Amino acid sequence: MPATAPHKTAILAIILVSYVMIVLDTSIVLTGLPRIHQGLGFTDAGLAWVQSAYTLTFGGFLLLGARAGDILGRRRMLIVGLALFTVASLAIGMAQSAAWMISARAIQGLGAAILAPSTLALLQTTFAEGSERTRAVSYYSAVAGVAASVGLVLGGVLADWISWRVGFFINLPIGIAMIIAARRYIVETERRAGALDIVGALTSTVGMTALVYGFIRSADTGWTNAGTIASLAGAVLLLGVFVVNEWKARQPIMPLRLFASRERAGAYAARILFLGAMIGFFFFTTQYLQGVLNYRASLTGMAFLPMTMVNFAVAMVVPQLTRRFGNGRLLAGGLTLCLLGMAWLSRASFDTAYLTGVALPMVLIGAGQGMALSPLTTSGIAGVAPQDAGAASGVVNVAHQLGNSLGLGVLVAVAAVGAGALDGRELLAYRVGTALTAGSAMLALALLIVCALIVRPRKAAQAVVTGANA
């Protein structure tokens, strides 16, 4: 049932605020990582699990969450996701140990896995395909980029002036308000008969966890360690079972037909690489600013303002840019800017001036991210049938979180290679430079995929249309 015009504004506000909660918590923790590291007794490599525990359960259960929305109703699952996410945020703010923090972050990720696909699916079903949906998706992508950047600033200020815990307590009143608003303004969607693909959810989640664990473990024990090898081998086996299950299941959580479109397949692959590079940028640049340049947490958050402001400004004009340049070319341009900025930033060292070595590269990265996220989302749901709306939104978000978790695991492993006898600030500076160089390689590969699978096919299709009309 389509939403009435007044309710569309309210529904869009609920969708955006709910999504902001998810993205904000992914970034707000980053500038507080050094304080969390010291306060809860994490190891250097183990610190990555503060992010990975969240992103793995988020990405692993997203497809199940999307499917549950199709079967049980998207408003219902939106409310369930909000409730679980909010309660887990409270538990994180009260964490007293590393194990408590990781467990609560994993539960929060599960709540996000239920919440996120419901927001994007409601956006698809509420706003008609075309300019109306393009505008809504642009806002959706804009708040994602801005919330990620604002989270860094807010997280640093809170960690320095009050406590990193406050950033998670904020979710309590917001979550309650969104639950009340959802019950009032959102009409429940039509339920579809079906069953939940539990086997698919478990094999994908455990398989991806094993894969990320293998990469992170290699940073401490090396690639020849028996535990590392066993973890990676188990991951390959479980992910193979997942693909076979999705091929044979009557109602899979990830219908393989979604990958029949070259544009969608390219968008999913590029999103994984893009988000892998971006999480590396946030994770390692935060440590560079605090550990190498000796910035306080609050100043570290403010140091990201060049990216925040440019990201917001560019994201808000994406609808006009899309009309002028087209989705594919805008996406390629955004990835190119991110690549240039990341490669520039990877050269930062002890005596690097903030303005020329950090702020200016951040401007390029912020502009590129603002240009790229919305076209990636648009291509990821292009041409999807209504019955696959939930599954398609789930795959978009899975690619997002898979990029975060797997990308960070890969970059942590790469950063540990070839450090030799370095220690202290020298070791950290080396790891940051190595990780950002690897992130640049990820962006270059994403750009190649976009050019081959999205830009060129779109040009060919336009040429055919032009020839037919001549």
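Residues numbered from 1 in each chain as written. Predicted model: local features only at pLDDT ≥ 70, side-chain atom pairs only at ≥ 80, totals over all residues. Heavy atoms only, no water.

Rules: UniProt positions are given in the numbering used here, feature names are shortened, and annotations may be inferred rather than shown by experiment.
An unreviewed UniProt entry annotates the protein as MFS transporter originating from Mesorhizobium newzealandense. Of the protein, the UniProt comment under Subcellular location (unreviewed entry) reads exactly: "Cell membrane".

What about the packing of aromatic side chains?
Rules: Stacked, edge-to-face and tilted labels apply to pairs of Phe, Tyr and Trp rings (six-membered ring for Trp) whose centres lie within 6.5 Å, assigned for plane angles under 30 degrees, over 60, and everything in between, in that order. Each residue gets one of three labels from its accessible area relative to the maximum for its type: buried under 20%, exposed over 50%, partly exposed in between, using a 1.4 Å probe on protein chains only. Numbered from the N terminus, helices here are DSSP runs of H or I no shorter than four residues, and strands are runs of E no shorter than two.
For the coordinates displayed, the defined rule picks out seven aromatic pairs. Residues Trp-164 and Phe-168 carry aromatic rings whose centres are separated by 6.3 Å and whose planes lie at 85° to one another, so their mutual orientation is edge-to-face. The residues Trp-164 and Phe-168 share a single accessibility class, namely buried. On the numbers, 6.1 Å between centres and 40° between planes, the contact of Phe-282 with Phe-304 is tilted. Pair noted here: Phe-282 is in helix α11 (residues 262-292) and Phe-304 is in the loop between α12 (297-303) and α13 (305-316), with a separation of 22 residues, a long-range link. Note on Phe-304: relative accessible area 0%, which makes it buried. Each residue in the set Phe-281, Phe-282 and Phe-304 is aromatic and connected to the rest through ring pairs, giving one cluster.

Brief notes about unusual backbone geometry
It is generally the case that most residues other than glycine have a negative phi and that most peptide bonds are trans. Unlike most non-glycine residues, Asn-294 shows phi in positive territory, near 60°. Within the secondary structure, Asn-294 sits in the loop between α11 and α12. Owing to a relative accessible area of 54%, Asn-294 belongs among the exposed residues under this scheme.

So, the nonpolar core
Short version of the rule: In these notes, a set of buried Ala, Val, Leu, Ile, Met, Phe, Trp, Tyr and Cys residues joined through side-chain atoms within 4.5 Å is what counts as a nonpolar core. Contacts are assigned to residue pairs with any non-hydrogen atoms lying within 4.5 Å of each other.
Counting 71 residues, the largest nonpolar core has Met-101, Phe-274, Phe-281 and Phe-284 as its most contacted members. With 15 residues, the single largest contributor to this core is α11. If sequence neighbours within four positions are ignored, Met-101 has contacts with Ile-36, Leu-40, Phe-42, Val-50, Ile-92, Ala-95 and Trp-164. Membership of the second largest hydrophobic core comes to 50 residues, among which are Leu-64, Leu-123, Tyr-140 and Met-178.

A look at helix α3 (residues 49-72)
Helical geometry note: an α-helix holds 3.6 residues per turn, so side chains three or four residues apart project in the same direction. Let me state the cut-off plainly: Every helix has an expected span of 1.5 Å times one less than the residues it contains. We define the bend at any residue as the angle between the axes fitted to the seven residues before and including it, ending there, and the seven starting there.
Across its 24 residues, α3 extends 32 Å between first and last C-alpha, which sits within 8% of the 34 Å expected from 1.5 Å per residue. The sharpest bend along α3 comes to roughly 45°, located at Leu-62. By the criterion of burial, α3 is predominantly enclosed, with 22 of the 24 residues buried. Looking one or two residues past α3, Gly-73 carries a phi angle of roughly 110°, positive in sign.

Some remarks on the environment of Ala-249
For Ala-249, the location among the structural elements is in the loop between α10 (226-248) and α11. Among the residues examined, Ala-249 registers a relative accessible area of 25% and is labelled partly exposed. In this structure the C-alpha to C-alpha distance between Ala-249 and Gly-200, which are 49 residues apart in sequence, comes to 8.8 Å.

Re the environment of Ala-359
Mapped onto the fold, Ala-359 is located in helix α16 (residues 354-380). Overall, the relative accessible area of 5% leaves Ala-359 in the buried class. It is 6.1 Å that separates the C-alpha atoms of Ala-359 and Pro-306, two residues lying 53 residues apart in sequence. Sequence-distant contacts of Ala-359, defined by excluding residues within four places in its chain, comprise Pro-306 and Tyr-354.

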